[in-house]
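# Residue-level structure breakdown
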Amino acid sequence: MDDLLRAFSQVGRDLWRSGMVTSHGGNLSVRREGEMVITRTGAMLGHITQGDLVRVPLEGEISPRASREALLHRASYLHTSAEALVHAHPVHAIALSFFRYTIVPKDAEGAYILPSVSVVEVSQPIGSQELAQAVAQVLKNAPIVVVKGHGTFAKGRGLWEAFYYTSVLEASCRVLWLLKGVSFPSS
Ligand SMILES: [Zn+2]
């Protein structure tokens with residue numbers, strides 16, 4: 001197994017095992033010279049094989065085999081410093097996105113790594129040009145963004161770094177939910 005496939009399959013497996021994607025949800029990509037390598041549409045991230053990876057040029061036609069979010073991944077490579085992207089559907093972050101335009105972690109790791117995370121809202125939250133532009137705009141200056149009701153898009157120098165931001169944000173969102181409505185006596 002080559003290094004690229006190994007990174008895709010290990011990150012995909014960890015995303016799935018940690019409940020941050022459903023069986024066939026989410027997608028991953030990595031920037032290459034003049035192109036990107038992205039998971040195919042309908043791929044199971046927990047079980048990625050060579051046949052699940054599709055090469056897409058940074059300009060020109062996008063193969064119909066590529067993920068439905070290929071347009072968004074490409075816009076992010078064209079407009080940001082991203083070397084890799086992780087798109088997941090972490091449930092606590094998604095649930096919180098219905099109530100916030102900005103997510104501010106309260107736990108120490110989240111507050112340190114991701115002090116403030118933007119939530120964007122678009123009329124077509126899957127596969128649209130509108131979504132691609134909104135996400136790429138935020139990722140110019142931030143490592144991760146949440147699309148309301150849909151999920152997270154994180155960039156990194158590699159898949160593992162993008163996975164890390166996804167993981168930190170979801171843990172922070174779990175803490176925010178656990179704190180919600182809790183009122184302990186002060187002594
Ligand atoms: Zn999605």
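Everything that follows concerns the structure shown earlier in this document.
This structure is a prediction, so every number in the text was calculated from the model and none was measured. (Residues numbered from 1 in each chain as written. Predicted model: local features only at pLDDT ≥ 70, side-chain atom pairs only at ≥ 80, totals over all residues. Heavy atoms only, no water.)

## Quick look at the pattern of salt bridges
- Applying the stated rule across the entire model yields seven salt bridges.
- Across the salt bridge formed by arginine 6 and aspartate 3, the nearest N and O atoms sit 3.0 Å from each other. Separated by three residues within a single helix, arginine 6 and aspartate 3 lie in helix 1 (residues 3-17), roughly one turn from each other. (Salt bridge = Lys/Arg side-chain N within 4 Å of Asp/Glu carboxyl O. Helix = DSSP H or I, 4+ residues; strand = E, 2+ residues; numbered from the N terminus.)

## Examining the nonpolar core
- In this structure, Phe8, Leu15, Leu28, Ile103, Leu159 and Leu169 are the most contacted members of the largest nonpolar core, which totals 33 residues.
- At the level of elements, helix 1, strand 1 (27-32), strand 4 (84-88), helix 3 (91-97), strand 6 (117-120), strand 7 (144-147) and helix 6 (159-179) are the ones that each hand at least two residues to this core.
- Per element, the largest residue contribution to this core is eight residues, and it comes from helix 6.
- With residues near it in sequence (within four places) discarded, isoleucine 103 still touches Ala93, Leu96, Pro115, Ser116, Val117, Val119, Val146, Leu169, Cys173 and Leu176.
- Core analysis: the next-biggest nonpolar cluster, separate from the first, contains 25 residues, Met36, Val54, Leu72 and Val122 among them. (Core = buried A, V, L, I, M, F, W, Y, C linked by side-chain atoms within 4.5 Å. Buried < 20%, exposed > 50% of the residue type's maximum accessible area, 1.4 Å probe, protein only. Contact = heavy atoms within 4.5 Å.)

## Structural notes on the sheet that holds strand 6
- Read across the open sheet, the eight strands follow the order 3-2-1-4-8-7-6-5; overall the sheet is mixed. Looking at which strands have only one partner, the edges of the open sheet turn out to be strand 3 (53-57) and strand 5 (102-103).
- Those strands touched by helix 5 (residues 129-139) are strand 4, strand 6, strand 7 and strand 8 (151-156), and its axis lies near 150° from that of strand 7. (Pairing = 2+ DSSP bridges. Axes fitted to C-alpha atoms, helices over the stretch in contact; angles between N-to-C directions.)

## Considerations on the coordination of the zinc ion
- With distances of 2.0 to 2.1 Å, the protein atoms coordinating the zinc ion are His87 (NE2), His89 (NE2) and His150 (NE2).
- For the zinc ion, the donor residues sit on a single chain with the sequence spacing H-x1-H-x60-H. Highlighted residues: histidine 87 in strand 4 and histidine 150 in the loop between strand 7 and strand 8, separated in sequence by 63 residues.
- For histidine 87, a relative accessible area of 1% puts it in the buried group. (Donors = N, O, S within 2.8 Å, 3.2 Å for Na, K, Ca; no water.)

## Thoughts on the packing of aromatic side chains
- One pass over the structure, following the stated rule, counts three aromatic pairs.
- Ring plane angle 35° and centroid distance 6.1 Å describe the contact between tyrosine 164 and tyrosine 165, whose orientation is recorded as tilted.
- On the accessibility criterion, tyrosine 164 (33% relative accessible area) is partly exposed.
- Classification of tyrosine 165 by relative accessible area gives buried; the value is 16%. (Phe/Tyr/Trp six-rings, centres within 6.5 Å; stacked < 30°, edge-to-face > 60°.)

## Focus: the packing of helix 1 against helix 6
- In contact at an axis separation of 10 Å, helix 1 and helix 6 are set at 10° when each is read in the N-to-C sense. As summarised for this structure, helix 1 and helix 6 are arranged roughly parallel, according to the angle between their axes. The handedness of the crossing between helix 1 and helix 6 comes out as right-handed. Contact residues: helix 1 offers Ala7, Phe8, Gln10, Val11, Asp14 and Leu15, while helix 6 offers Leu159, Trp160, Phe163 and Thr166. (Parallel < 35°, antiparallel > 145°, perpendicular 65-115°, else oblique. Left-handed = near helix turned anticlockwise from the far one by under 90°.)

## Focus on the layout of surface pockets
- Taken as a whole, the largest pocket spans an internal volume of roughly 220 Å³.
- Around the largest pocket, the lining comprises 16 residues; the ones closest to its centre are His24, Gly26, Asn27, Arg68 and His89.
- Partitioned by chemical class, the residues of the lining of the largest pocket number two nonpolar, 11 polar and three charged. (1 Å grid on protein atoms, 1.4 Å probe; cavity = no way out; pocket = protein on both sides within 12 Å on 5 of 7 lines; lining within 4 Å. Points joined across faces, edges and corners; volume = space filled by probe spheres on them. Nonpolar A, V, L, I, M, F, W, Y, C, P; charged D, E, K, R; others polar.)

## Notes on the packing of helix 2 (residues 70-79) against helix 5
- Contact geometry of helix 2 with helix 5 gives a least axis separation of 8 Å together with a crossing angle of 35°. In the crossing of helix 2 with helix 5, the sense of the turn from one axis to the other is right-handed. Between helix 2 and helix 5, the residues in contact are Leu71, Leu72, Ala75, Ser76 and His79 and Gln129, Leu131, Ala132, Gln133, Val135, Ala136 and Leu139, respectively.
- Split by residue class, the contact of helix 2 with helix 5 holds eight nonpolar, four polar and no charged.

That is the geometry; function is a separate question.
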